[in-house]
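Here is what each chain is made of, one letter per residue.
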Amino acid sequence: MLPVSWDEALDSIVQHIQITQQRYGKEAVGVFGSGALTNEEAYLLGKFARLALNTSQIDYNGRFCMSSAAEAMNRAFGLDRGLPFPLEDLAQAEVILLAGSNIAETMPPLMQYLDRQQRAGGLLITVDPRHSLTARSGQRHLQLTPGSDAVLANGLLHVLIRDGLIDEDYIAQRTSHFDAARAMAAAYWPERVERLTGVPERDLVEVAHLLGQAHSTIILTGRGVEQQRQGVTNVLAYINVALALGLVGKPGSGFGSLTGQGNGQGGREHGQKANQLPGYRRIDDPAARASIARVWGIDESELPGPGRSAYELLASLGTPEGVRCLFVMGSNPVVSAPNALHIEERLAALDCLIVCDFFLSETARLATIVLPVTQWAEEEGTLTNLEGRVIHRRRAFDPPAGVWDEITLLCELARRLGKDQYFRFRNAREVFEELRRASAGGLADYAGITYEKIDAQQGVFWPCPTPDHPGTPRLFADSFPTTDGRARFHVTHYQGPGEEPDRDYPLYLCTGRILAHYQSGSQTRRISQLRALSPEPLIEIHPITAREHGLSEGDLALLSTRRASMQGRIRINETIRQDTLFVPFHWGGVQAVNRLTNPALDPMSRMPEFKVCAVRIERLANPGE
Ligand SMILES: Nc1nc2c(c(=O)[nH]1)N[C@H]1C(S)=C(S)[C@@H](COP(=O)(O)OP(=O)(O)OC[C@H]3O[C@@H](n4cnc5c(=O)[nH]c(N)nc54)[C@H](O)[C@@H]3O)O[C@H]1N2
Ligand SMILES: Nc1nc2c(c(=O)[nH]1)N[C@H]1C(S)=C(S)[C@@H](COP(=O)(O)OP(=O)(O)OC[C@H]3O[C@@H](n4cnc5c(=O)[nH]c(N)nc54)[C@H](O)[C@@H]3O)O[C@H]1N2
Ligand SMILES: [Mo]
């Protein structure tokens, strides 16, 4: 790569954008954002795409992370805030049902709440095909077949109804469509659930009774439930259970989804999503469009409509109807997107790829131009944490010479594109002031939040519509922001994963995380202590399955799916299901498990099925053999 000045780089970017748009139209330029960005950056990136580039083609890596949970909560409650209650409530719950999350490795700071909950006599029940580190700290574990959460949750609802453990008053007063859910649940009798999930009937009934008899219960989901072709349905099925028990809106009880990325909550509220405008507004809602157009000082007709979702955007790159010039800010899709070899090919087919990153990630290596930007400790801004609490991140260090922050960068690019008047921001605070106005009246209303108030209150929970409003730590206490004020039950029939094991690919492949590495590994694989702890991907496999395939601990193995192959090292684990392998996704190249994953998308959230596909395993000769 050849170093150039910022001036040359920005000139060249503007030229690429203009030539591409003249030749192929405005929509041929696209943007890929991130839940790692601050609220201010995410807001500005959405505005930059719609106003400076006039394109609808913007989405972000949170589509791979939170979109199924978000869609389910919007449908059931009329609002998506990952936890509608403060974390502190976890410590108070008598029973916690944790489905598809391994927080002992992925969110260790949360374990203190569970430790306190258990010291007070509380129970932790986990649902995971693996007996994960988190499952080991719980009292009950339902080790379901990958992809079968909807069956399990419907089975719990079946037993709760059958045994008279539901909260009839709550259902009558605060919910709608229960009859349809009840009729649906009738088809999930325990023997059938056992057949489809592998969870013994006895365990299902016992867990239903533990949930039904507790005074306070919290149900939580993680990526294991959500990153599936029927991820929204899976989450809705657990929400049905929470509503039938009357948990949602009750202190010490409730339903929540554990948001992953640093700004995974705020990142999904302010307009970097293909179908979204700031304040958690829908881009296809005429009233929302009018209100944002007013704040931005443009005519509503100048706002583009909805664009493609993340995987669909990436898969369109370099095709005749697709995006030809892509701007990536805070993501490494060569490693983290499903069917990654195909996505790498699409990225390579672009006329121009611009990547803003502080490291030369696998994706940055393919770029035409890489822009070195500040990292978290070098810039000020706000983030919204998994509780919906807006927090202030101060600048702790000066960036090295020659490094720009994203706000300066986007404003300067907009200026060179002739859109200066809409991007006159000198810093994050000034962007936040506009974000406040843009979010006013929306679901995620930040109008009453200021940096000073955040500092004074140690964070402010949205919605916070006016300066004298204290913020909203607990949602849904009296009503839901739906048209009739009630939460909605859904019919959540099981469909099964996009790929089931067969003769050629006889096992399930699950993917996820380990403690030592973060996401695509672009940040953590450079840290020698972490590399020493975890130098390469380990394939977790049951001892019986390993023996059947002639594999022993430490062997190199080749995994193949219908899409591609990868290499990893065998780690025997007697607590994983015999029909399932688990591989973390933190590596690139021939070690990238995402070369294998199935890009089947949930029809409602457009989220890919990272968590389940069909796989084959073979032994590879070790070097020197
Ligand atoms: N160390 C570390 N911490 C992280 C991250 C990281 O990369 N590394 N990433 C952050 C981000 S962005 C996120 S989104 C969170 C994710 O946090 P988690 O959701 O806790 O992480 P995962 O490991 O992806 O998946 C959780 C569990 O789902 C299980 N699972 C797989 N298939 C199924 C299924 O069909 N049903 C059920 N019920 N479970 C299943 C897996 O076995 C796994 O134990 O972590 C955050 N924290
Ligand atoms: N197989 C499989 N694949 C998965 C998942 C899974 O469970 N299984 N999980 C999915 C999930 S939940 C997620 S969130 C995605 C995440 O996957 P990615 O989107 O690839 O996330 P990161 O590895 O965090 O990549 C962030 C890149 O942006 C850079 N970066 C970090 N902060 C900033 C910033 O503030 N500004 C800029 N400009 N750059 C920054 C980092 O250096 C890094 O190169 O992966 C998804 N992929
Ligand atoms: Mo995530």
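All of these numbers come straight from a predicted model, not from anything done at the bench. (Residues numbered from 1 in each chain as written. Chains lettered and ligands numbered in written order. Predicted model: local features only at pLDDT ≥ 70, side-chain atom pairs only at ≥ 80, totals over all residues. Heavy atoms only, no water.)

1. Looking at the UniProt feature "domain: Molybdopterin dinucleotide-binding" (unreviewed entry) in the chain
Here, the residues flagged by UniProt with the feature "domain: Molybdopterin dinucleotide-binding" (unreviewed entry) are residues 507-614. Segment residues 507-614 splits into 11% helix and 33% strand. End C-alpha atoms: 6 Å apart. (UniProt positions renumbered as here; feature names shortened; annotations may be inferred. Helix = DSSP H or I, 4+ residues; strand = E, 2+ residues; numbered from the N terminus.)

2. Quick notes on helix H15 (residues 286-296)
Of all the positions in H15, only Ala288, Arg289, Ser291, Ile292, Ala293 and Trp296 are classed as buried. At its buried positions, H15 is contacted by helix H2 (39-52), strand E9 (276-277), strand E10 (281-282) and helix H20 (428-439). The N-cap residue of H15 is Asp285: its side-chain oxygen and the backbone nitrogen of Ala287 are 3.0 Å apart. A positive phi of about 70° marks Gly297, the residue just after H15. (Buried < 20%, exposed > 50% of the residue type's maximum accessible area, 1.4 Å probe, protein only. Contact = heavy atoms within 4.5 Å. Polar contact = N/O pair within 3.5 Å; in protein donor to acceptor, adjacent residues only side chain to side chain.)

3. Some remarks on the packing of helix H3 (residues 67-77) against helix H14 (residues 231-244)
Here H3 crosses H14 at 45°, and the two axes come no closer than 8 Å. Between H3 and H14, the angle falls in the class oblique. Here the hand of the crossing between H3 and H14 comes out right-handed. For the pair H3 and H14, the contacting residues are Ser68, Ala69, Glu71, Ala72, Met73, Arg75, Ala76 and Phe77 in the first and Gly231, Val232, Val235, Leu236, Ile239 and Leu243 in the second. (Axes fitted to C-alpha atoms, helices over the stretch in contact; angles between N-to-C directions. Parallel < 35°, antiparallel > 145°, perpendicular 65-115°, else oblique. Left-handed = near helix turned anticlockwise from the far one by under 90°.)

4. Focus on the sheet that holds strand E2 (residues 58-60)
The sheet built from five strands is open, its strands ordered E2-E1-E11-E12-E13 with parallel pairing. Each end of this open sheet is capped by a strand with a single partner; those strands are E2 and strand E13 (369-372). Pairs of neighbouring strands in the sheet enclose a mean axial angle of 15°, with direction left out of account. With four bridges connecting them, strand E12 (residues 352-357) and E13 associate as parallel partners. Bridge assignment links Val355 to a residue of E13, and that residue is Val370. Across the sheet, helix H19 (residues 406-416) is in contact with strand E11 (325-329), E12 and E13; its angle to E11 comes to roughly 155°. (Pairing = 2+ DSSP bridges.)

5. Some remarks on the site of ligand 2
As a structural note, the neighbourhood of ligand 2 is formed by 30 residues, with Ser331, Asp357, Glu406, Ser520 and Ser522 the closest of them. Here a nitrogen atom of ligand 2 and a side-chain polar atom of Thr511 are 2.9 Å apart. Its free accessible area being 920 Å², ligand 2 has 98% of it covered by the protein chains. Taken together, the residues of the shell around ligand 2 break down into eleven nonpolar, 15 polar and four charged. When we break the shell around ligand 2 down by domain, the ones giving at least three residues each are domain 1 (6-64 + 263-380 + 402-436) and domain 3 (507-619). (Near = heavy atom within 4 Å. Areas by Shrake-Rupley, 256 points an atom, 1.4 Å probe, with all protein chains shown as cover. Nonpolar A, V, L, I, M, F, W, Y, C, P; charged D, E, K, R; others polar. Domains from an automatic or database assignment.)

6. Considerations on the site of ligand 1
Around ligand 1, 32 residues are found, and the nearest of them are Asp128, Asp149, Arg513, His517 and Gln519. At 2.7 Å, a side-chain N or O of Asp128 approaches an oxygen atom of ligand 1. In this structure, Gly224 approaches ligand 1 through a main-chain N or O atom, which is 3.5 Å from a nitrogen atom. Sorting the residues of the shell around ligand 1 by element identifies helix H5 (103-106), helix H13 (223-226) and strand E18 (507-512) as the ones contributing at least two each. The leading source of residues in the shell around ligand 1 is H13, at three residues. When its residues are assigned to classes, the shell around ligand 1 shows eleven nonpolar, 14 polar and seven charged.

7. Let's talk about the domain arrangement of the chain
When the domains of the chain are assigned, the result is domain 1 (6-64 + 263-380 + 402-436), domain 2 (67-258) and domain 3 (507-619). Each of domain 2 and domain 3 was reduced to a C-alpha centroid, and the two centroids are 26 Å apart. Counting residues at the interface gives 28 residues for domain 2, matched by 24 residues for domain 3. Overall, the association of domain 2 and domain 3 removes approximately 2,100 Å² of surface from exposure, summing both partners, and the carbon and sulfur fraction of that is 58%. If you sort the residues of domain 2 by the area they bury against domain 3, Arg130, Gln227 and Arg229 come out on top, with a joint share of 33%. In this assembly, domain 2 and domain 3 are joined by one salt bridge. Where domain 2 touches domain 3, the interface holds twelve residue pairs in polar contact (both at pLDDT 80 or more). The element contributing the most residues to the side of domain 2 that touches domain 3 is H3, with four residues. Among the residues making up the side of domain 2 that touches domain 3, the classes are represented as six nonpolar, 15 polar and seven charged. (Buried area = accessible area lost by both parts, 1.4 Å probe. Salt bridge = Lys/Arg side-chain N within 4 Å of Asp/Glu carboxyl O.)

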